[in-house]
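# Examining the three-dimensional arrangement
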Amino acid sequence: MQPDTANQTHTAEFVLVGFAELRETRLFLFSLFLTTYLLTLVENLAIVVLVRSDHRLHRPMYFFLTHLSCLEIGYTSVTVPKMLAGFLGVAGSQRISYAGCLTQLFVFTFLGATECFLLAAMAYDRYVAVCLPLRYAALVSWGACVRLAAACWLGGFLTPVLPVYLMSRLRFCGPNVIDHFFCDASPLLALACSDVSLKETADLLVSLAVLLASSAVIAASYGRIVWTLLRIRAAAERRKAFSTCAAHLTVVSLFYGTLFFMYARTRVASCISFNKVVSVFYSIVTPMLNPLIYSLRNREVNAALGRAFSCRSWKELRHQSTVHQKQRLQTGAKARACGFSALSITDVRMGEEFSH
């Protein structure tokens with residue numbers, strides 16, 4: 001598209017190059033990414049259905065896990081389908097409108113920021129469970145969980161408002177080829193015709209605010225958890241307590257490690273090919289690994305999976321879940337009448353084990 005120097009016409013659409021340099025292996029990459037995407041969908045949907053249907057998993061930790069799984073499905077679906085169409089050479093698959101590009105950037109940033117806040121909320125949940133088990137019912141009640149989750153989604157939604165607004169104020173009147181597989185901020189800034197210094201500064205400040213705020217909550221939570229565990233004399237009890245945090249800590253390490261590398265930077269010019277690899281890792285690979293990490297290292301999830309596959313039918317499982325929900329509502333009404341919050345049996349046991 002030729003620029004119109006008379007009225008500085010904006011670029012009407014962009015072309016996503018994707019992995020054009022790997023054209024000879026496009027069928028292999030298509031099969032690889034398609035398999036990864038389908039696994040991501042199946043695994044995360046399985047987590048949502050499992051937690052929803054098994055009353056033993058109706059606890060705050062798994063409540064946040066279902067939100068994380070729903071987020072991961074959206075996170076990958078924003079970018080992967082269009083990338084797969086590009087590998088197949090579908091007509092128009094590499095082109096994206098100006099408005100569509102900004103929308104993709106907004107949704108991708110929104111979901112990424114929400115994941116940061118959700119991981120921080122999950123770290124807080126683990127901190128209360130290990131360090132303040134007798135106050136768990138009051139501090140992490142179902143009402144508190146709903147408010148925390150809503151705050152995470154709202155904070156994530158507000159995060160890209162300023163960066164995307166500033167991006168929309170830039171002029172794109174030159175080349176319209178984005179050397180990436182989705183509309184990320186860095187390759188878009190490289191195409192801008194106007195000054196991008198304000199946009200770069202805003203991106204840096206917003207990214208650092210989200211990363212540092214959420215990681216500070218996570219670091220403080222795990223700092224207190226480690227301190228509490230060191231005060232437990234029995235090694236077996238320490239391992240048992242830390243095992244409840246191991247899966248979350250692994251997910252945090254994978255996600256934050258790549259995000260700090262990708263977005264806590266000020267320069268646009270960088271190794272685009274390497275950035276693509278890192279982007280694939282945190283936008284495609286990590287969402288696939290997270291359900292595996294939580295299921296493989298969690299006895300309760302493994303037990304729930306075993307019960308799900310051993311049931312005679314999903315109808316029976318749904319019936320059990322409905323009966324339990326009615327019982328929980330009745331128990332909750334009685335507890336509220338007495339001035340107490342409902343507390344799961346598991347968390348009561350943790351309180352007995354870790355209270356001093």
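In this report, the structure presented in the accompanying data block is examined. (Residues numbered from 1 in each chain as written. Predicted model: local features only at pLDDT ≥ 70, side-chain atom pairs only at ≥ 80, totals over all residues. Heavy atoms only, no water.)

A tally of helices and strands in the chain yields 14 helices and three strands. Expressed as a percentage of the 356 residues in the chain, the buried residues total 46%. Taking all contacts inside the chain whose residues are at least 6 apart in sequence as the whole, residues at least 24 apart take part in 81%. Within the structure as shown, the chain displays about 17,900 Å² of accessible surface, and the carbon and sulfur contribution to it stands at 65%. (Helix = DSSP H or I, 4+ residues; strand = E, 2+ residues; numbered from the N terminus. Buried < 20%, exposed > 50% of the residue type's maximum accessible area, 1.4 Å probe, protein only. Contact = heavy atoms within 4.5 Å. Areas by Shrake-Rupley, 256 points an atom, 1.4 Å probe, with all protein chains shown as cover.)

The next subject is the sheet that holds strand 2 (residues 95-97). Backbone hydrogen bonds are what pair the strands of a sheet, in a parallel or an antiparallel way. Read from one edge of the open sheet, three strands run 2-1-3, paired in mixed fashion. The open sheet is flanked by strand 2 and strand 3 (177-178), the only strands paired with a single partner. Strand direction decides the pairing type here: strand 1 (residues 13-16) and strand 2, joined by three bridges, are antiparallel. Its bridge partner lying in strand 2, Glu 13 is registered against Ser 97. Packed onto the sheet, helix 4 (residues 98-131) meets strand 1, strand 2 and strand 3 and runs at close to 90° relative to strand 2. (Pairing = 2+ DSSP bridges. Axes fitted to C-alpha atoms, helices over the stretch in contact; angles between N-to-C directions.)

This part covers the state of the cysteines. One pass over the full model with this rule turns up one disulfide. Each sulfur in the disulfide pair Cys 101 and Cys 183 lies 2.0 Å from the other. Between Cys 101 and Cys 183 the sulfur-sulfur dihedral comes to about -120°; the bridge is accordingly left-handed. A residue pair is termed long-range when its members are at least 10 positions apart, and Cys 101 in helix 4 and Cys 183 in the loop between strand 3 and helix 8 (185-189) qualify at 82 residues. (Disulfide = S-S within 2.5 Å.)

Quick look at the nonpolar core now. Soluble, globular proteins show a tendency: their nonpolar side chains are buried together. Membership of the largest hydrophobic core comes to 91 residues, with the highest contact counts inside it found for Phe 14, Phe 33, Leu 119, Met 167, Phe 172 and Leu 188. Top element by residues in this core is helix 4. It accounts for 21 residues. (Core = buried A, V, L, I, M, F, W, Y, C linked by side-chain atoms within 4.5 Å.)

Next up on the list: the packing of aromatic side chains. We describe a pair of aromatic rings using the distance from one ring centre to the other and the angle between the two ring planes. Scanning all chains against the criterion turns up 18 aromatic pairs. Judged by centre distance (4.8 Å) and plane angle (10°), the rings of Tyr 75 and Phe 108 are stacked. With Tyr 75 in helix 2 (residues 60-77) and Phe 108 in helix 4, this residue pair connects regions lying 33 residues apart in the sequence. Per residue, the accessibility class of Tyr 75 equals that of Phe 108, and both read buried. With centroids separated by 5.4 Å and ring planes inclined at 75°, the aromatic side chains of Phe 106 and Phe 157 adopt a geometry described as edge-to-face. Of the two residues, Phe 106 sits in helix 4 while Phe 157 sits in helix 6 (residues 142-158), which places them 51 residues apart along the sequence. An aromatic cluster is present here, built from Phe 19, Phe 33, Tyr 75, Phe 87, Phe 108, Phe 181, Phe 182 and Tyr 282 joined pairwise through their rings. (Phe/Tyr/Trp six-rings, centres within 6.5 Å; stacked < 30°, edge-to-face > 60°.)

Further remarks concern helix 6. If you check helix 6, its first and last C-alpha atoms are 24 Å apart, about what 17 residues at 1.5 Å a residue would give, namely 24 Å. Every buried residue of helix 6 is accounted for by Ala 144, Cys 145, Ala 149, Cys 152 and Gly 156. With its buried residues spanning 135° around the axis, helix 6 presents them on a single face. In this structure, helix 6 carries Arg 147, Leu 154 and Leu 158 as exposed residues pointing more than 90 degrees from its buried face. Looking at the buried positions of helix 6, the neighbouring elements they touch are helix 2, helix 4 and helix 5 (136-139). (Expected span 1.5 Å × (residues − 1). Arc of directions from axis to C-beta.)

Further remarks concern empty space enclosed by the protein. One pass over the structure, following the stated rule, counts two cavities of 30 Å³ or more. Lining of the second largest cavity is provided by Asn 44, Ile 47, Leu 65, Leu 68, Ser 69, Glu 72, Asn 290, Pro 291 and Tyr 294. When contributions to the lining of the second largest cavity are tallied by element, the ones reaching two or more residues are helix 1 (26-53), helix 2 and helix 11 (272-296). Among the elements that take part in the lining of the second largest cavity, helix 2 stands out by supplying four residues, more than any other. Grouping the amino acids of the lining of the second largest cavity by side-chain chemistry returns five nonpolar, three polar and one charged. (1 Å grid on protein atoms, 1.4 Å probe; cavity = no way out; pocket = protein on both sides within 12 Å on 5 of 7 lines; lining within 4 Å. Points joined across faces, edges and corners; volume = space filled by probe spheres on them. Nonpolar A, V, L, I, M, F, W, Y, C, P; charged D, E, K, R; others polar.)

Before going further, it helps to examine the side chain of Ser 69. Mapped onto the elements, Ser 69 comes out in helix 2. When residues no more than four places from it in sequence are discounted, the contact partners of Ser 69 are Asn 44, Ile 47 and Val 48.

What follows is about a nonpolar patch on the surface. Together, Leu 154, Phe 157, Leu 158 and Val 161 line one region of the surface with nonpolar side chains, adding up to about 370 Å² of accessible area. Considering each element in turn, the nonpolar patch owes the most residues, three residues, to helix 6. Along the chain, the position of Leu 158 falls in helix 6. (Patch = residues over 30% accessible without salt bridge, like charges linked within 9 Å, V, L, I, M, F, W, Y side chains within 5 Å. Salt bridge = Lys/Arg side-chain N within 4 Å of Asp/Glu carboxyl O.)

Okay, the pattern of salt bridges next. Scanning the model with the defined rule gives four salt bridges in all. Linking Asp 203 and Lys 199 is a salt bridge whose minimum nitrogen-to-oxygen distance equals 2.5 Å. Placement of the pair is Asp 203 and Lys 199 together in helix 9 (residues 197-230), with a separation of four residues, close to one helical turn. Judged by its relative accessible area of 3%, Lys 199 falls in the buried class.

What follows concerns the pairing of strand 1. Summarising the sheet, strand 1 and strand 3 pair through two bridges and their orientation is parallel. Residue pairing for strand 3: Val 15 is matched across the bridge by Val 177.

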